[in-house]
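Now for the letters of each chain:
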Amino acid sequence: SDREWDWNGDPWNKERRFSNTKDISTLENTLKKEPGKWDAIVTSESTKNKEALIYIVNRLQSADIPVVIVNLPLHPILSENISEETRRNTFDLFNQTNAKNWYDFERDYGDIFFCDSHHASVEGAELFAPVMADLIIQEMS
């Protein structure tokens, strides 16, 4: 890209990286204003999206490309709205894909990990990057 970063400055906007999570009530109010927007519901029924995931994993594996599924961290406020039934159905789906492995990091990090409801902060990325690197090394071995 033609974009030049000022690496001596603040390319990742560190000054406002916690703007939405420092005040948890702001995040909670945002979620209350848009009820249902962040609801994640996975049923036990077959859907086009589930079939598509299974198809993609199977196609990759038939081309000798091992597939690992990673359920990424979620802000605790979002995670607490996910039912155990949805989690069970999600993990059942992961098993149905026959992926080499799958990992669940959904509830492994607190709110300091996030810069908003679902994106890692700079500190969160610095915490999670080595975890992913180790996972990749482990899976490649």
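Note: the structure precedes this text.
Model, not experiment: these values are computed from the prediction. (Residues numbered from 1 in each chain as written. Predicted model: local features only at pLDDT ≥ 70, side-chain atom pairs only at ≥ 80, totals over all residues. Heavy atoms only, no water.)

(A) Up close: helix H4 (residues 84-96). Its 13 residues give H4 an end-to-end C-alpha distance of 18 Å, which sits within 8% of 18 Å, the value for a rise of 1.5 Å per residue. At its buried positions, H4 is contacted by helix H2 (48-62), strand E1 (68-71), helix H3 (76-79) and strand E2 (101-104). Immediately downstream of H4, the backbone of Asn-98 shows phi near 60 degrees, a positive value. (Helix = DSSP H or I, 4+ residues; strand = E, 2+ residues; numbered from the N terminus. Expected span 1.5 Å × (residues − 1). Contact = heavy atoms within 4.5 Å.)

(B) Quick look at the environment of Pro-73. Assignment of secondary structure puts Pro-73 in the loop between E1 and H3. Residue Pro-73 is classed as buried on the basis of its relative accessible area, which comes to 8%. Those residues within four positions of Pro-73 in sequence are excluded, and the remaining contacts are Phe-105, Glu-106, Tyr-109, Phe-113, Phe-114 and Phe-128. (Buried < 20%, exposed > 50% of the residue type's maximum accessible area, 1.4 Å probe, protein only.)

(C) Region of the structure containing the side chain of Arg-87. Position of Arg-87 among the secondary structure elements: in helix H4. Classification of Arg-87 by relative accessible area gives buried; the value is 4%. From its side chain, Arg-87 meets the backbone oxygen of Ile-82 in a polar contact 2.9 Å long. At 2.9 Å, the side chain of Arg-87 forms a polar contact with the side chain of Glu-84. Sequence-distant contacts of Arg-87, that is, excluding residues within four places in its chain, are made with Ser-79, Ile-82, Glu-106 and Arg-107. (Polar contact = N/O pair within 3.5 Å; in protein donor to acceptor, adjacent residues only side chain to side chain.)

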